[in-house]
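Each chain, written out:
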Amino acid sequence: MSEAVSTLDGWWSLHLLYNVDWTSLKTLEESKKDHLIGELQSFLEREEEVHKNKEGSYSFYNVTGQKADIILWMLRPTIDELNKLELEFNKLGIRDYLIPAYSYVSVIEMSGYLAKESDEDPYENPYVQSRLYPEVPKSKYICFYPMDKKRDLDDNWYMLPMEERRRLMYDHGMIGRQYAGKVKQFITGSQGLDKYEWGVTLFSDDMLEFKNIIYEMRFDEASARYGIFGDFYVGVHLPADELPAFFK
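It should be emphasised that the depicted structure is a prediction, and the values quoted were computed from it without experimental measurement.

Engineer: Is there a simple way to explain the side chain of Ser106 in this structure?
Structural biologist: Structurally, the position occupied by Ser106 is in strand β4 (residues 98-111). Residue Ser106 is classed as buried on the basis of its relative accessible area, which comes to 0%. Polar side-chain contacts of Ser106 include one of 2.9 Å to the side chain of Thr188. Those residues in contact with Ser106 that sit more than four places away from it in its chain are Trp12, Ser13, Thr188, Gly189, Ser190 and Leu193.

Engineer: What am I meant to see in the packing of aromatic side chains here?
Structural biologist: We describe a pair of aromatic rings using the distance from one ring centre to the other and the angle between the two ring planes. A full pass over the atoms with the stated rule returns 20 aromatic pairs. When the ring of Tyr61 is compared with that of Phe203, the centres are 5.9 Å apart and the planes differ by 55°; the resulting orientation is tilted. In this pair, Tyr61 sits in strand β2 (residues 57-63) while Phe203 sits in strand β9 (residues 198-204), placing the two residues 142 residues apart along the sequence. We classify Phe203 as buried; its relative accessible area is 1%.

Engineer: Looking at this structure, I do not really get the pattern of salt bridges. What am I missing?
Structural biologist: Where charged atoms from two side chains of opposite charge come close, those side chains can pair. Taken as a whole and judged by the stated rule, the model has 14 salt bridges. Taking the shortest distance from any N to any O, the salt bridge between Glu30 and Lys33 comes out at 3.9 Å. Here Lys33 and Glu30 lie together in helix α2 (residues 30-52), a separation of three residues that amounts to about one turn. A salt bridge links Asp34 to Lys248; the nearest nitrogen and oxygen atoms lie 2.4 Å apart.

Engineer: Explanation requested: the side chain of Glu197 in the structure shown.
Structural biologist: Within the secondary structure layout, Glu197 lies in the loop between β8 (184-189) and β9. There is a polar contact of 2.6 Å between the side chain of Glu197 and the side chain of Arg151. Leave out the neighbours within four places in its chain, and Glu197 touches Tyr104, Met147, Asp148, Lys149, Arg151, Tyr158, Thr188, Gly189, Ser190 and Gln191.

Engineer: What exactly am I supposed to notice about unusual backbone geometry here?
Structural biologist: If a residue is not glycine, its phi is most likely negative; likewise, a peptide bond is most likely trans. Backbone geometry at Lys54 places phi at a positive 55°, although glycine is not the residue there. Topologically, Lys54 is positioned in the loop between α2 and β2. Positive phi values are uncommon outside glycine, yet Leu153 reaches one of about 45°. Position of Leu153 relative to the elements: it lies in the loop between β6 (151-152) and β7 (155-156). In this structure Leu153 comes out as exposed when scored by relative accessible area, which is 82%.

Engineer: Explain the nonpolar core to me, please; I cannot follow it from the model alone.
Structural biologist: A general feature of soluble globular proteins is that nonpolar side chains tend to end up buried together. Core analysis: the largest hydrophobic core is formed by 27 residues, its most contacted members being Leu40 and Phe247. Contributions of two or more residues to this core are made by β1 (7-20), α2, β2, β3 (70-76), α3 (79-90) and α8 (243-247). It is α2 that contributes the most residues to this core, five residues altogether. Once residues lying within four places of it in the same chain are set aside, the contact partners of Leu40 are Phe60, Phe89, Leu92, Ile94, Leu243 and Phe247. Counting residues in hydrophobic clusters, the runner-up holds 21 residues, among them Leu75, Tyr104, Val128 and Ile142.

Engineer: When you look at a nonpolar patch on the surface in this model, what are you seeing that I'm missing?
Structural biologist: Residues Leu114, Tyr170 and Met174 make up a contiguous nonpolar surface patch of about 270 Å² in total accessible area. Residue position: Leu114 is located in the loop between β4 and α4 (126-132). We classify Leu114 as partly exposed; its relative accessible area is 42%.

Engineer: It is not clear to me how a negative patch on the surface should be interpreted in this structure. Could you clarify?
Structural biologist: Among the surface-exposed residues, Asp119, Glu120, Asp121 and Glu124 lie close enough to one another that they form a single negatively charged patch. Classification of Asp119 as exposed rests on a relative accessible area of 85%.

Engineer: Mind showing me how you'd approach the UniProt feature "active site" (unreviewed entry) in the protein here?
Structural biologist: Mapped onto this numbering, the UniProt entry gives "active site" (unreviewed entry) at Tyr145. Here Tyr145 is to be found in strand β5 (residues 141-149). Setting aside anything within four residues of it in sequence, one finds Tyr145 in contact with Trp198, Gly199, Val200, Leu202, Ile214, Phe229, Asp231 and Phe232.

Rules used in this analysis
- Residues numbered from 1 in each chain as written.
- Predicted model: local features only at pLDDT ≥ 70, side-chain atom pairs only at ≥ 80, totals over all residues.
- Heavy atoms only, no water.
- Helix = DSSP H or I, 4+ residues; strand = E, 2+ residues; numbered from the N terminus.
- Buried < 20%, exposed > 50% of the residue type's maximum accessible area, 1.4 Å probe, protein only.
- Polar contact = N/O pair within 3.5 Å; in protein donor to acceptor, adjacent residues only side chain to side chain.
- Contact = heavy atoms within 4.5 Å.
- Phe/Tyr/Trp six-rings, centres within 6.5 Å; stacked < 30°, edge-to-face > 60°.
- Salt bridge = Lys/Arg side-chain N within 4 Å of Asp/Glu carboxyl O.
- Core = buried A, V, L, I, M, F, W, Y, C linked by side-chain atoms within 4.5 Å.
- Patch = residues over 30% accessible without salt bridge, like charges linked within 9 Å, V, L, I, M, F, W, Y side chains within 5 Å.
- Areas by Shrake-Rupley, 256 points an atom, 1.4 Å probe, with all protein chains shown as cover.
- Lys, Arg positive; Asp, Glu negative; His and termini not counted.
- Charge placed at Lys NZ, Arg CZ, Asp CG, Glu CD.
- UniProt positions renumbered as here; feature names shortened; annotations may be inferred.

Structure representation (structure tokens):
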């Protein structure tokens, strides 16, 4: 049996994607629509306070394309808090006009492939803390996608020796480092939590950088031989003060 890699786990993660029922929304009186939008703005303002207090984080984007209209990503210290937060969102009036398109449950993760041996508690390391309990940026664009590692015959990631996986992940990580300052990346683990094994959430002020980094990584052996990818969701930042224009 191959050796399993250890992980450091941080905040719990929930991606929620919805389509807007534009036809039904158009039939509402302006006063009713204003009330629904105001409720959603208040919800996002509460999320912003949590973000500023570093007790969790969030992002809210308008999805480009027809797979969804909006994506809400929320992070909390426990799954119980995240579950209650989802329930709070479901009770908003605007939720009656949102059709679920996709959801993804996971937890912020750092793998131990490249970890250095130390007697110190890694959770006390400032760099590790910034990765596990992140302040999600308000970049102009978002890209989210789930992924697996292949388990087909000779191309079985989980049957590779630990040292071989370390080498592959090191090479893979070196490509990502070339995009420092251009793309902000968050990895969430979802083994036993959702259909895929990881979720990847990227932020950038230039959407073309998503294409550049993912295309380049496809030529890396870790992706070219062992990567399996789900759908990609991209979108544009939707601040709370722009909701009236968006929904009207």
